Amino acid sequence: MSAAPTTALARQLLAAGPQGPIDVPTIQYAALSPVLIVFAVALAGVLVEAFAPARARRGIQPLLAAGGFVAAFVAVVLLHARRQVLAAGAVAIDGPTLFLEGAILLFAALAVLLVAERRLDSSGGAIVASAAITPGSPGATAQRTSVGVQTEAYPLMAFSVAGMLLFVSSNTLLIMFVALEILSLPLYLLAGLARRRRLLSQEAAMKYFLLGAFSSAFFIYGVAFLYGYAGSVNLGRIADAAGTVGANDTYLYLGMALLGVGLFFKIGAAPFHSWTPDVYQGSPTPITAFMAAGTKVAAFGALLRVFYVAFGGLRWDWRPTVWAVAILTMVVGAVLALTQRDIKRMLAYSAIAHAGFLLTGVAAANSDGLRGSLFYLVAYGFTTIAAFGLVTMVRTADGEASDLSQWQGLGRRAPVLAGIFAFLLLALAGIPLTSGFTGKFAVFQAAVAGNAIPLVVVALVTSAIAAFFYVRVIVLMFFQEPTMEGPIVVTRPTLTYAAVGVGAIMTLLLGVVPQPLLDLAGTAATSGFVR
Amino acid sequence: MSTFPWLTVLLVVPAVAAVVVAAVPRRFSTAAKQITLAVTLVEFVVALLATITYEPSRAGFQFAQKYWWIKQFGVSYSVGADGISLVLILLATLLVPVVVLASWDEVQAPGAQAAGTGVAGAGASTASRRSVPAFFALLLVLEAGMVGVFAATDVFLFYVFFEAMLIPMYFLIGSYGPVKEQAQRSYAAVKFLLYSLFGGLLMLAAVIGLYVISADQLGTGTFDFATLRQLEITPGVQKLLFLGFFVAFAIKAPLFPFHTWLPDAGAQSPTGGAILLVGVLDKVGTFGLIRYCIPLFPKASSYFAPMVLALAVIGIFYGALLAIGQRDMKRLVAYTSLAHFGFIALGTFALTSQGGTGAVLYMVNHGLSTGLLFLVVGFLVARRGSRDVGAYGGMAQVTPVLAGVFLIAGLSSLALPGLNSFVSEFLVLVGTFTRYRALAIVATCGMVLAAIYILYLYQRTMTGPLVHEEARGVLDLSVREKIVVAPMVVLIIALGVYPKPLIDIIRPTVTATFVDVGHTDPAPTAPVNASQAGGHS
């Protein structure tokens, strides 16, 4: 109170301050319970790290994380009919939010199974024993076979999941930015925690961090412009302001473009995709699975909310851009995947192509497009988790056999494993009776109904191109003879089996009986976003 | 009227059996074969019973069933049979048991050879031992897919079967093709899959287009074939949608510029796979032309008919010329099919009831005659281990029965009067002549080329003195092989003498299809005998 107010604004604030009651937002904790549970789990995980002995941590942390995700999922199910804006307009609980939160939590629980797998590597699983050991130093070889493991991975995952949950539910751009950071920062760390090929992993973490920070800067810059335009960071207020005439439209379009860059980066859309292959390749494969499924769902959730709520009235302005980005993303993803020799990089480019297919659903800009996108995200998430889970199982003495040539003849050595992988690849290629086809059909149909016919034609052509590199892996596995020094397939990784099994079964079910999930997505989409 | 769900039974039985057979452990391979044979025979009997209860005089789909599948998209599981689809289902269910019996020992070949030759090939062969139950499971999946694709009366369902059917065929070529030609069979399998997939995706675009139009006109989108026929689509849109479907079917059939995958796939398939590929799978393309393209897009069909007819005639000659020049017997048979598909497309797009009936009958006859040709070639290759014409010569001396069957298959393929193909080819040419005289005359000349490629092949491989002395020990057809060819030979002759039962089933449907969209037959203005005389020259 002592400082003399100099500006008119501050004077005004002070004048109102002491007399008027401060408007304390009432928070409906129940409606926020999924996010709160996951945050609590993350904090509890940190405490466990601090106090529990290392041996016990290895058991407690995965249970805690998985239990927390399941509990949060139950909370989402209990909330399923909620439609409200809460915490002073900061958070929106509505159909799409709850649908996406449920999906993120399921994928996170499956990813915990993969991370917790300890039977695959010589002793400790895919996560490094001690991240601080310099690669190449004497300790580095020892840590490879050590039973130790950085159990921080679990609380980090939980923080990231909490960020994802908040990201899809944030109703103001500021909360969205905070959520973006909460979800991203742990992922940067997790990317650097691979047990094998430490240099590659650290390079991935560094690259991801630098480019991610760069894109965050774009995002917050966009938020600043939009605040300058609308006088608010609330998505609904921005939409209202965009509906009026006379404001400074330059700020609006600049803000929209910069915000778009930040979001397109997160979904891995071209031309902001270049981090994807490196990060997917370098990260521990279970973490890659987690990112590929979870981050994609969260980023698309935020993208849909921003474009449908804040810029819903401007769709004629952003649709051309989304078209261009979608086309570029599909082409880049499909064409560059053709040249890959590493299975993880190939799946990364496939993820880029799928981001493009998903963008056709966004570009449809109608309720069917929203439904299709929601369905597609779930379908793709299950398939991709199962696919990366399978990648962790095909190993040589030297870690994962990620080079494609090592997969030659796998169908002869491990027919069931190769058969499941072939099925997943066919699902990614969009063959009927798999979830991939249903998802593609849902978004393409919406896009045609939304008059985005050229986009769909490009999507179909790139689907055909993409089919080629999926099919090539099948050729390698089934039609060619195994080489002498082929990969070892570890036979009893229970947790990985469970995760892969769930993913593969869901891929089949969502292809054969997609009705229930389509209904769910349809209900979520028709009830729409609250603002 | 029968309410028994014939088609669903035909669909479910092989699908369930496939799961069972796939679960059979490798060491009980014989059991897997026996189960497959029994199931496919039962399947054929069921199809036969369904055909008997079918009432050709009734319009519309029979044995129809409809249940919602994905209600959100307006997709239903709806099946039904008309004259066209029924005869093709009958053909498919007939060929599968034949193929099963023909493949009885083929799949085990690498293991058996390794045992026979001892050390030499053992290293490679033990690794390449292929699963016998998996092969027969794939055949059963394929059978379910073939029944489904012909029985579907929901366009979405049709598309699902159309694409899903590719996968078992892809594995049949890639995993069970010639053992030593790893690179070629992989290439053939991928080429087959990508061509078909690409066509399928174009069709998917058109299918989505139809759905959106139906949603605009009816309020709710539907894929129901009968409902889609009622839509009023503007000619411009019709042309685009027609092309989407047409390219998919032209790749599948295949017609002239889209055919290059066929010789590769035909040559690299195991014999059974090749029979089903050319005998039935490719018929999905020609079936699609008459079932979907013409009724759904009548204006576009008339507009594009000259183009299709031109492609058809080019295919007749191009396929025949390439066949004449082939030394690889399987490729040769595949190229003859290209010529035959030209005739089928010609009959279909002449848009006359005779031409259409002839085309559908041709589909059945081609399945029998080319199927038998592939069988015989497969027997020869299994005996001498080479597909090259030069590896044979004068084989009739050592394998007289095989040579006889070869001759019957060949004569059927070149449409000798008295054998099955003649009836259909004649109908196609007559049907074409009433509308496009010049084309019919030109196409008739293609029959001469057919005689050349068949008789030249027979002459080089079968007649004259035995060229390779070591071929003297080659055995003639075994009892199993005779059982395999017997029904085909009988049908080829029987349908040549008395094709009426099939025509009675096909004709009402074809006529209704064309009349519905306003293509009535032109009144004959010239003596029909003219074309008949041409046909014999």
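Residues numbered from 1 in each chain as written. Chains lettered and ligands numbered in written order. Predicted model: local features only at pLDDT ≥ 70, side-chain atom pairs only at ≥ 80, totals over all residues. Heavy atoms only, no water.

Turning our eyes to something else, we now look at the overall build of chain B. Secondary structure summary: chain B contains 23 helices and two strands in total. Compactness check: chain B gives a C-alpha radius of gyration of 22 Å against a globular reference of 24 Å for 537 residues, within 12% of the reference. Principal-axis analysis of the C-alpha atoms places the extent of chain B at approximately 70 × 55 × 40 Å. A burial count over chain B gives 63% of its 537 residues as buried. Split by element, the accessible area of chain B, about 17800 Å² in all, is 68% carbon and sulfur. Distance between charge centroids for chain B: 4 Å, based on 31 positive and 24 negative side chains. (Helix = DSSP H or I, 4+ residues; strand = E, 2+ residues; numbered from the N terminus. Rg over C-alpha atoms; globule rule 2.2 N^0.38 Å. Buried < 20%, exposed > 50% of the residue type's maximum accessible area, 1.4 Å probe, protein only. Areas by Shrake-Rupley, 256 points an atom, 1.4 Å probe, with all protein chains shown as cover. Lys, Arg positive; Asp, Glu negative; His and termini not counted. Charge placed at Lys NZ, Arg CZ, Asp CG, Glu CD.)

All right, on to the overall build of chain A then. The helix and strand inventory of chain A stands at 21 helices and five strands. A globule of 531 residues ought to have a C-alpha radius of gyration of about 24 Å, and chain A, at 23 Å, matches this closely. Judged by the C-alpha coordinates and their principal axes, chain A covers about 80 × 60 × 40 Å. Buried residues in chain A amount to 62% of all 531 residues. For chain A, restricting intrachain contacts to residue pairs at least 6 apart in sequence, the fraction spanning at least 24 positions comes to 80%. On chain A, roughly 18600 Å² of surface is accessible, and the fraction owed to carbon and sulfur atoms is 69%. (Contact = heavy atoms within 4.5 Å.)

This part is about the pairing of strand β1 (residues 62-70) of chain B. Residue and element names in this part refer to chain B. In this structure, β1 lies alongside strand β2 (residues 75-81), joined through six bridges in antiparallel fashion. Paired with W68 across the bridge in β2 is S76. Between β1 and β2, which pair antiparallel one after the other, the connecting turn spans four residues, and G74 there sits at a positive phi close to 70 degrees. (Pairing = 2+ DSSP bridges.)

Quick look at the interface of chain A and chain B now. Each side of the interface is counted separately: chain A has 33 residues, and chain B has 34 residues. Both faces considered, chain A and chain B share a buried interface measuring about 3200 Å² in area, 76% of it formed by carbon and sulfur atoms. When the buried surface of chain A facing chain B is broken down by residue, F441(A), L460(A) and F479(A) rank first, second and third, together holding 22% of it. Our enumeration of links across chain A and chain B arrives at zero salt bridges. (Buried area = accessible area lost by both parts, 1.4 Å probe. Salt bridge = Lys/Arg side-chain N within 4 Å of Asp/Glu carboxyl O.)

Residue and element names in this part refer to chain B. Evaluation of the coordinates by the stated rule reveals 20 salt bridges over all chains. Across the pair K191 and D264 runs a salt bridge, and its minimum N-O distance is 2.9 Å. Of the two residues, K191 is situated in helix α9 (residues 182-218) and D264 in helix α12 (residues 261-268); the sequence distance between them amounts to 73 residues. According to the relative accessible area criterion, K191 is buried, its value standing at 15%. Among the ionic pairs, R327 bridges to D388, the shortest N-O distance being 3.3 Å. Placement of R327 in the loop between α15 (298-325) and α16 (329-349) and of D388 in the loop between α17 (353-384) and α18 (400-413) is noted, with a sequence separation of 61 residues between them. For R327, a relative accessible area of 44% puts it in the partly exposed group.

Tallied over the full model, the rule gives 57 aromatic pairs over all chains. Ring centres of F478(A) and F171(B) lie 5.3 Å apart, and the angle between their planes is 85 degrees; on these two criteria the pair is classed as edge-to-face. Within this pair, whereas F478(A) is found in helix α19 (residues 453-479), its partner F171(B) is found in helix α8 (residues 166-176), the two belonging to separate chains. Here F478(A) falls in the buried class, since its relative accessible area comes to 14%. (Phe/Tyr/Trp six-rings, centres within 6.5 Å; stacked < 30°, edge-to-face > 60°.)

What follows covers the packing of helix α2 (residues 33-51) of chain A against helix α3 (residues 54-78) of chain A. Residues and elements named next belong to chain A. Following both chains from N to C, one finds α2 and α3 inclined at 170 degrees, their axes separated by 8 Å at the closest point. In terms of orientation, α2 and α3 fall into the roughly antiparallel class. Along the contact surface, α2 presents S33, P34, I37, V38, V41, A44, G45, V48 and E49, while α3 presents R57, I60, Q61, L64, A65, G68, F69, A71, A72, A75 and V76. Across the contact of α2 with α3, the residue classes break down as 14 nonpolar, four polar and two charged. (Axes fitted to C-alpha atoms, helices over the stretch in contact; angles between N-to-C directions. Parallel < 35°, antiparallel > 145°, perpendicular 65-115°, else oblique. Nonpolar A, V, L, I, M, F, W, Y, C, P; charged D, E, K, R; others polar.)

Residue and element names in this part refer to chain A. Pairing is antiparallel across the open sheet formed by three strands, whose spatial order is β4-β3-β5. Of all strands in the sheet, those with a lone pairing partner are β4 (399-400) and β5 (488-489), marking the two edges. Pairing geometry for strand β3 (residues 394-396) and β4, over two bridges, is antiparallel. Paired with R395 across the strands is E400, a residue of β4.

Glancing now at empty space enclosed by the protein. Taking a probe equal in size to a water molecule and rolling it over the atoms shows the remaining empty space. One pass over the full model with this rule turns up nine cavities of 30 Å³ or more. The space that makes up the largest cavity amounts to roughly 80 Å³. Lining the largest cavity are A429(A), G430(A), I431(A), F437(A), K440(A), F444(A), L460(A), S463(A), E163(B), L197(B), L201(B) and L204(B). For the lining of the largest cavity, the secondary structure elements donating two or more residues are α18 (435-449) and α19 of chain A together with α9 of chain B. (1 Å grid on protein atoms, 1.4 Å probe; cavity = no way out; pocket = protein on both sides within 12 Å on 5 of 7 lines; lining within 4 Å. Points joined across faces, edges and corners; volume = space filled by probe spheres on them.)

All names here are of chain B. In this structure, C445 sits in helix α20 (residues 437-461). We classify C445 as partly exposed; its relative accessible area is 42%. Spatially, the C-alpha atom of C445 lies 40 Å from that of G209, the residues being 236 residues apart in sequence.

With that settled, consider α2(A). Residues and elements named next belong to chain A. Taking 1.5 Å as the rise per residue, α2 with 19 residues should run 27 Å; its terminal C-alpha atoms sit 26 Å apart, in good agreement. Looking at α2, one finds that the buried residues are S33, P34, V35, V38, V41, A42, G45, V48 and E49. On its buried face, α2 is in contact with α3, α4 (95-116) and α6 (153-169). (Expected span 1.5 Å × (residues − 1).)

Here the focus is the packing of α17(B) against helix α19 (residues 420-433) of chain B. Residues and elements named next belong to chain B. Between α17 and α19, the shortest axis-to-axis distance is 8 Å and the interhelical angle comes to 155 degrees. Accordingly, the angle class assigned to the pair α17 and α19 is roughly antiparallel. In this structure, the crossing between α17 and α19 has a hand that is left-handed. Between α17 and α19, the residues in contact are Q354, G355, G358, A359, L361, Y362, N365, L368 and S369 and N420, S421, V423, S424, E425, L427, V428, V430 and G431, respectively. Here the residues of the contact of α17 with α19 sort into eight nonpolar, nine polar and one charged. (Left-handed = near helix turned anticlockwise from the far one by under 90°.)

With that settled, the discussion passes to the confidence of the model for chain A. In this model, chain A carries an average pLDDT of 89, and 94% of its residues clear a pLDDT of 70 or more. The low-confidence segment residues 1-5 of chain A, where pLDDT is below 50, has four contacts with residues more than four positions distant or belonging to other chains. (pLDDT = per-residue confidence, 0-100.)

Right, let's talk about the domain arrangement of chain A for a bit. All names here are of chain A. You can read the domains of chain A as domain 1 (26-303) and domain 2 (311-525). The centre of domain 1, based on its C-alpha atoms, is set 21 Å off from the matching centre of domain 2. Residue-level contacts link 48 residues of domain 1 with 54 residues of domain 2. Interface of domain 1 and domain 2: buried area, both sides summed, is about 4400 Å²; carbon and sulfur atoms make up 76% of it. For the domain 1 face of the interface with domain 2, the top three residues by lost area are F99, L120 and T285, together amounting to 16%. Where domain 1 meets domain 2, there are one salt bridge. The closest approach of N and O atoms between D278 and R345, which form a salt bridge, is 3.0 Å. Linking domain 1 with domain 2 are 14 residue pairs in polar contact (both at pLDDT 80 or more). (Domains from an automatic or database assignment. Polar contact = N/O pair within 3.5 Å; in protein donor to acceptor, adjacent residues only side chain to side chain.)

Before going further, it helps to examine the confidence of the model for chain B. Residue and element names in this part refer to chain B. Chain-level pLDDT for chain B is 87 on average; 93% of the residues reach the 70-or-more range. Taken as a whole, residues 109-128 scores under 50 in pLDDT and shows 13 contacts with residues more than four places along the chain or in a different chain. Overall, residues 530-537 carries pLDDT values under 50, and its contacts beyond four positions in sequence, including any with other chains, amount to ten contacts.

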